[in-house]
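Structure at a glance
Listed here are the chains, written in short residue letters.
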Amino acid sequence: MDLLSASDYRKAIANQAFDHGGNTDWQDAILRKGFIQNHNLSFTKNTSTGSYVASVSRLDQNGIVKSSSFKRTTGRLNAEESFFDNRRLTVKLNMTASNIDETGIPNGNTAGSDGQLIIYALMANPTRSIYDSAGKYTNFNQIQLFNPSMCSASMMTEPIRFACWAIWKPHCVCCRD
């Protein structure tokens, strides 16, 4: 999104007290090009009495916000086997297991101060610097307007991890004559 550069901002403001001497493109400070990799491997086998499918997949996504990512590994096994004469007993098994590592961005749905990283970047004064003279993140000292780089770094330190598994439709069918 096109916003005022620091020099355009300086020309547009009436009160020079809002010129903090910096030159920051806040979108460049927090955003990057996203990248996705998705790999899948599967094995299928049919026999005279049943069928089998096994698969594994890996999704690795780097989001457009620096330090954001989503990684998912999934394994799946489907099996069906028939037993006895005329296949009087059929056993089916479907299993799925998944592991997710997600490092999300500070975001909220209230348009308030609860983590609106993109909004902070769009609202930030381009004449502010990311870092102060001591090398620490510049503190804007304003209510509900924070240094987007500081928010990005402090709120995305630990990934959220999920692990889940499920077994669907394990059943026996024993009703054939």
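Preceding block: the structure.
First things first, this report covers the structure right here in the doc.

Look at any regular strand and the pattern is simple: side chains alternate between the two faces of the sheet. In this structure, strand E1 (residues 35-46) lies alongside strand E2 (residues 50-62), joined through 12 bridges in antiparallel fashion. By the bridge assignment, glutamine 37 is partnered in E2 with aspartate 60. Between the end of E1 and the start of E2, which pair antiparallel, lie three residues. Where E2 lies against strand E3 (residues 69-83), 13 bridges are found, and the strand directions are antiparallel. Following the sheet pairing, serine 57 is matched in E3 by threonine 74.

What follows deals with the environment of glutamate 80. With respect to the helices, strands and loops of the structure, glutamate 80 is situated in strand E3. Residue class for glutamate 80 comes out partly exposed when judged on its relative accessible area of 30%. Along the primary structure glutamate 80 and leucine 93 are separated by 13 residues, whereas in three dimensions their C-alpha atoms are 6.4 Å apart. Excluding residues that lie within four positions of it along the chain, glutamate 80 makes contacts with Thr49, Gly50, Ser51, Tyr52, Thr90, Val91 and Lys92.

We now examine unusual backbone geometry. Of note, the phi angle at serine 67 is positive, near 75°, even though the residue is not glycine. Looking at the element boundaries, serine 67 is found in the loop between E2 and E3. Residue class for serine 67 comes out partly exposed when judged on its relative accessible area of 44%. The phi dihedral of phenylalanine 84 is positive, around 70°, even though this residue is not glycine. Along the chain, phenylalanine 84 falls in the loop between E3 and strand E4 (89-103). The class of phenylalanine 84 is exposed, set by a relative accessible area of 65%.

This paragraph deals with the side chain of asparagine 125. In this fold, asparagine 125 is placed in the loop between helix H3 (117-123) and helix H4 (148-155). There is a polar contact of 2.8 Å between the side chain of asparagine 125 and the backbone oxygen of phenylalanine 18. Within the structure, asparagine 125 has its side chain in polar contact with the side chain of threonine 127 (distance 2.6 Å).

About the thresholds
Residues numbered from 1 in each chain as written. Predicted model: local features only at pLDDT ≥ 70, side-chain atom pairs only at ≥ 80, totals over all residues. Heavy atoms only, no water. Pairing = 2+ DSSP bridges. Helix = DSSP H or I, 4+ residues; strand = E, 2+ residues; numbered from the N terminus. Buried < 20%, exposed > 50% of the residue type's maximum accessible area, 1.4 Å probe, protein only. Contact = heavy atoms within 4.5 Å. Polar contact = N/O pair within 3.5 Å; in protein donor to acceptor, adjacent residues only side chain to side chain.

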